[in-house]
Number of protein chains: 2
Amino acid sequence: MNKLTIKMLAKELGLSVSTISKAIRDSHEISDKTKQRVNELVEKLNYVPNPYASSLRRRNSKTIGVVIPEVVDSFFAQAINGIESIAQEKGYHVLIYLTHESFEKEKTILKDFESGRVDGVLMSVSRETTQGGHMEALMKKGVPLVFFDRVLDEIETSKIITNDYESAYLATEHLVKKGCKQILFLSFSNILSISRKRLNGYKNALLANGLEVMEKNILTFNNDSKRDYLLLKKKLRSSKRTDGILASVEKLAITIYQACEDLRLSIPEDIQVISFSNLETASFLNPPLTTIAQPAFEIGKTAASMLVKALGRKKFEIQKEEIIIPSTLVMRKSTRV
Amino acid sequence: MNKLTIKMLAKELGLSVSTISKAIRDSHEISDKTKQRVNELVEKLNYVPNPYASSLRRRNSKTIGVVIPEVVDSFFAQAINGIESIAQEKGYHVLIYLTHESFEKEKTILKDFESGRVDGVLMSVSRETTQGGHMEALMKKGVPLVFFDRVLDEIETSKIITNDYESAYLATEHLVKKGCKQILFLSFSNILSISRKRLNGYKNALLANGLEVMEKNILTFNNDSKRDYLLLKKKLRSSKRTDGILASVEKLAITIYQACEDLRLSIPEDIQVISFSNLETASFLNPPLTTIAQPAFEIGKTAASMLVKALGRKKFEIQKEEIIIPSTLVMRKSTRV
DNA sequence: TTTATTTACGAAACCGTTTTCGTATAATTC
DNA sequence: GAATTATACGAAAACGGTTTCGTAAATAAA
């Protein structure tokens, strides 16, 4: 109720506040005997130090901020899992913030971080983010920031990503090899760096295989599942020759399945489908979905490790390296054998 | 770099520290003219107050702790989404902790909360949790705790849950009506309150429909997907007459599909399946999975609202009410028409 | 005009740690 | 035995806000 403080421990043991503090932090200045007395009392009275007092004084919080577009998404959920595994191991706390793909929210959150609330930030940018002023401002204040998956190219910092270009290239080529001539590319954004890379992979794979890149085959959706669904249906109805789809986003896979079911287009006979996706249920969909599976857990874990390592250094200098953890193309029945 | 403080603002404007503080918090003690001068400078210099200094003095943190077993799970991901929506609205920060179903971790986390790190806690207990000493200790220190979904009955506090008993009853009855005679009940735990309720719903539905409850039809798994899979396969092989399965956990649905595919048991012809699940992909599984869908987002949102409301009160008295938000049985093709 | 009351602000204590620096005593060196 | 160096601890100043309380000036009431 009335919280237990170091001062009270000090009085109880007839020692000074500073001695208690040092004893608890196992300082060499304190004798073993005293340390033991202190620890026994701490144990007995169940003393837990006030983290805010400590943070205030030490100017750090042992907290990292995680900023992501959303959490109901296998990729981000798995990434959080990876982040948390490192945080727990290294004694960091994890504050979660969702931007819901809003640039404004992203700015507000990062602005708050300038307060020193977090020691460092892990983030995947929103779909709307084209500028990095808010990130630069934050980093200038000495708060290191590490990107994972969705990066902003113009910001110089560590970036943990997957091989988006190559994966999309491979996937597209796979579709081509299986006989597709008219392949749609579906995404939520033409802004996001990962989307552009995936798009380029798609384009170059087409060209390398003697196919034409057609703007009408490149579709951008809004993440409004009903509208997206209608939009896709319309597209599929109007261009009958479509025989392949590469979806850049997990959620669009569902939209595709819905639309195809509705239009009585059978997968993979009429249309072959590949999606970037971390769905655990991919192999039990009807038909099983060929996916590009991102190493989400690893990405989160690596990003957190990089950040924590930087936080361990005196000057928080973040390495500016880009770490690429490759995705894997998992072939299932939504593409032909 | 060297952080901006109220003291520096004060010097700049020739005002006192207390005046600045009050102006920022829009105190009635400060004239509009002064407030404006202060706000302009705050704006110009980009001042952001140090939350730890503030938390220390005010003895609150505007932070809630969320303790869940895992995050890679549609239910919990959606619940976090609900929680975050309220937190964002009310200006709270969200600290996330994963127990990975470990009672020890749960205790460690709650112990840490005794420090005052969070103003309140939202939690779903681990599968191993049978005792609530750590929760009581926390609540005794004045930190309100609200359960959602997975509660510990013995603890008196708000609980936001779904109608587990009724849902399982309904689901079981549905299977019986569709002709099932030998229905398995699958879960991860016989400890968890929700599991017991679901089990009771299952049992009573059987009895009410003139069927026998057989212990051998009640299976408990370990969340070790490989072993679970083998265990289930063995069971299905040995008891050929099994014609229905009710899975208490989303993850087990996948296990069931795997096992049935492997054993060439067709769903729903040979075996009908219903699972508690929030999978967005449920309707695109092969076959589409009949589910009991929990209102995860709503549960998270309601729990957060309750907590925040309690935090708004001077004494943090938490209402001891139990709020039940019903699940819905969504019939799909894994059960017969 | 005198007294009472607002109004607008400042001084200083306080929140609970950490850390620097000083010092008495004990141990060591010469 | 004197001088030096460890050892073990305490006093006090931070950290950056918030809050209480006091007060001078301005306004209202008498």
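Refer to the structure presented above.
Residues numbered from 1 in each chain as written. Chains lettered and ligands numbered in written order. Predicted model: local features only at pLDDT ≥ 70, side-chain atom pairs only at ≥ 80, totals over all residues.

Draft legend 1. Broad picture of the overall build of chain A. Along the backbone of chain A there are 12 helices and 12 strands. Computed over its C-alpha atoms, the radius of gyration of chain A comes to 25 Å, more than 25% above the 20 Å expected for a compact globule of 337 residues. Seen through its C-alpha atoms, chain A measures out along the principal axes to roughly 85 × 40 × 30 Å. Counting all 337 residues of chain A, 49% fall into the buried class. Put simply, 73% of the contacts in chain A that link residues at least 6 apart link residues at least 24 apart. (Helix = DSSP H or I, 4+ residues; strand = E, 2+ residues; numbered from the N terminus. Rg over C-alpha atoms; globule rule 2.2 N^0.38 Å. Buried ≥ 20, exposed ≤ 12 C-beta atoms within 10 Å, placed from the backbone. Contact = placed C-beta atoms within 7 Å.)

Draft legend 2. Expanded view of the pairing of strand β1 (residues 63-68) of chain B. Residues and elements named next belong to chain B. Among the six residues in β1, six count as buried, and that is most of the element. Neither face of β1 is exposed, since T63, G65 and V67 on one face and I64, V66 and I68 on the opposite face are all buried. Relative to strand β2 (residues 93-98), β1 runs parallel, the two being bridged by six bridges. When the sheet's bridge partners are listed, G65 is paired in β2 with L95. Since β1 and β2 lie parallel, the crossover through helix α5 (residues 74-90) that links them has a hand, and here it is right-handed. Relative to strand β3 (residues 120-123), β1 is paired through four bridges, and the arrangement is parallel. (Pairing = 2+ DSSP bridges. Right-handed = clockwise from strand over helix to strand, strands pointing away.)

Draft legend 3. How the structure looks around the nonpolar core. With 93 residues, the main nonpolar core has V66(A), L122(A), V66(B) and L122(B) as its most contacted residues. Beyond its immediate chain neighbours, meaning those up to four positions away, L122(A) contacts I64(A), V66(A), I83(A), V146(A), F148(A), A303(A), A304(A) and L307(A). (Core = buried A, V, L, I, M, F, W, Y, C linked by C-beta atoms within 7 Å.)

Draft legend 4. Fine view of the sheet that holds strand β6 (residues 183-187) of chain B. Residue and element names in this part refer to chain B. Taken together, the six strands give an open sheet; going across it, the order is β7-β6-β8-β9-β10-β12, and neighbouring strands pair in mixed fashion. Each of the sheet's edge strands pairs with one partner strand only, and the pair in question is β7 (218-220) and β12 (328-330). Within this sheet the neighbouring strands show an average axis-to-axis angle of 15°, counted without direction. Pairing geometry for β6 and strand β8 (residues 244-247), over four bridges, is parallel. Each bridged residue has a counterpart across the sheet, and for I183 the counterpart in β8 is G244. (Axes fitted to C-alpha atoms, helices over the stretch in contact; angles between N-to-C directions.)

Draft legend 5. Here's a closer look at the sheet that holds strand β8 (residues 244-247) of chain A. All names here are of chain A. Taken in spatial order, the six strands make up an open sheet running β7-β6-β8-β9-β10-β12, and their pairing is mixed. Lying at the two open borders of the sheet, with one neighbouring strand each, are β7 (218-220) and β12 (328-330). When the angles between neighbouring strand axes are averaged without regard to direction, this sheet yields 15°. Packed on one face of the sheet, helix α11 (residues 250-263) meets β6 (183-187), β8 and β9 (272-276) and runs near 155° to β9.

Draft legend 6. The interface of chain B and chain A, seen in detail. Taken together, the contact pairs 39 residues of chain B with 39 residues of chain A. Only α4 (51-58), α5, β2, α6 (103-113) and α11 (250-262) of chain B provide two or more residues apiece to the side of chain B that touches chain A.

Draft legend 7. Seen up close, helix α9 (residues 193-208) of chain B. Residue and element names in this part refer to chain B. Along its 16 residues, α9 runs 22 Å from first to last C-alpha, staying within 8% of the 22 Å computed at 1.5 Å per residue. Residues of α9 that are buried include every one of S193, I194, S195, K197, R198, L199, G201, Y202, A205 and L206, and no others. Those residues of α9 that are buried lie in contact with α8 (164-177), β6, β7 and β8. (Expected span 1.5 Å × (residues − 1).)

Draft legend 8. Layout of the relation of the copies chain B and chain A. Overlaying chain B with chain A gives an RMSD of 0.1 Å, the required rotation being 180° about an axis along which the chain moves by 0.0 Å. When the rotation and shift are considered jointly, the pair of chain copies conforms to a two-fold rotation axis. Ranked by how close their C-alpha atoms come to the rotation axis, the residues of chain B are headed by L285(B), at 2.0 Å. The fraction of interface residues of chain B whose copies in chain A are also interface residues reaches 100%, indicating that both copies meet through the same surface. (Least-squares fit on C-alpha atoms with pLDDT ≥ 70 in both.)

Draft legend 9. Inspection of the protein's contact with DNA strand D at higher detail. Contacts to DNA strand D come from 27 residues, most closely from S16(A), S18(A), T19(A), S18(B) and A53(B). For the surface near DNA strand D, the secondary structure elements donating two or more residues are α2 (17-24) and α4 (51-58) of chain A together with α2 (17-24) and α4 of chain B. Residue composition of the surface near DNA strand D, by class: 10 nonpolar, 10 polar and seven charged. (Near = placed C-beta within 6 Å. Nonpolar A, V, L, I, M, F, W, Y, C, P; charged D, E, K, R; others polar.)

Draft legend 10. How the structure looks around the protein's contact with DNA strand C. Surveying the vicinity of DNA strand C reveals 28 residues, the closest of which are S18(A), A53(A), S16(B), S18(B) and T19(B). For the surface near DNA strand C, the secondary structure elements donating two or more residues are α1 (6-13), α2 and α4 of chain A together with α2 and α4 of chain B. In terms of residue class, the surface near DNA strand C is made up of 10 nonpolar, 10 polar and eight charged.

Draft legend 11. Highlighting the packing of α8(B) against α9(B). All names here are of chain B. The interhelical angle for the contact between α8 and α9, taken along N-to-C directions, is 35°, at an axis separation of 7 Å. Here α8 and α9 pass one another in a crossing that is right-handed. Touching D164, Y165, E166, S167, A168, Y169, T172, E173 and V176 of α8 are I194, K197, R198, N200, G201, Y202, N204, A205 and L206, all from α9. Across the contact of α8 with α9, the residue classes tally to eight nonpolar, five polar and five charged. (Left-handed = near helix turned anticlockwise from the far one by under 90°.)

Draft legend 12. Layout of the packing of helix α5 (residues 74-90) of chain A against helix α12 (residues 296-312) of chain A. Residues and elements named next belong to chain A. Two elements in contact, α5 and α12, have axes separated by 7 Å at closest approach and are oriented at 40°. Remark: the crossing between α5 and α12 carries right-handed chirality. Taking contact as the criterion, the partners of F75, Q78, A79, I80, N81, G82, I83, S85, I86, A87 and K90 in α5 are, on α12, A296, F297, E298, I299, G300, K301, A303, A304, S305 and V308. Here the residues of the contact of α5 with α12 sort into 12 nonpolar, six polar and three charged.

Draft legend 13. Seen up close, the environment of S193(A). Residues and elements named next belong to chain A. Among the secondary structure elements, S193 is positioned in helix α9 (residues 193-208). Judged by the 20 C-beta atoms lying within 10 Å of it, S193 is buried. For the pair S193 and T220, spaced 27 residues apart in the sequence, the C-alpha separation amounts to 14 Å. Once you skip the residues sitting within four places of it in the chain, S193 turns out to touch R150, V151, L152 and D153.

Draft legend 14. Representation of the environment of P287(A) within the structure. Residue and element names in this part refer to chain A. Within the element layout of this structure, P287 appears in the loop between β9 and β10 (290-293). Separated by 49 residues in sequence, P287 and R336 have C-alpha atoms that sit 11 Å apart. Setting aside anything within four residues of it in sequence, one finds P287 in contact with I267, P268, K333 and S334.

Draft legend 15. Summary view of the pairing of strand β10 (residues 290-293) of chain B. In this sheet, β10(B) lies alongside strand β9 (residues 272-276) of chain B in parallel orientation, the contact comprising three bridges. The partner of F276(B) across the bridge, within β10(B), is I292(B).

Draft legend 16. Layout of the environment of S18(B). With respect to the helices and strands, S18(B) occurs in helix α2. Spatially, the C-alpha atoms of S18(B) and K141(B) are 31 Å apart, while their sequence positions differ by 123 residues.

Draft legend 17. Here's a closer look at unusual backbone geometry. A cis amide bond links N286(A) with the next residue in sequence, P287(A), at an omega value of -5°. In this structure, N223(A) takes a positive phi of about 65° despite not being glycine. Of the residues examined, N223(A) has 16 C-beta atoms within 10 Å and is grouped as partly exposed. Here the phi dihedral of D26(B) falls at roughly 60°; this positive angle occurs in a residue that is not glycine. Within the secondary structure, D26(B) sits in the loop between α2 and α3 (32-45).

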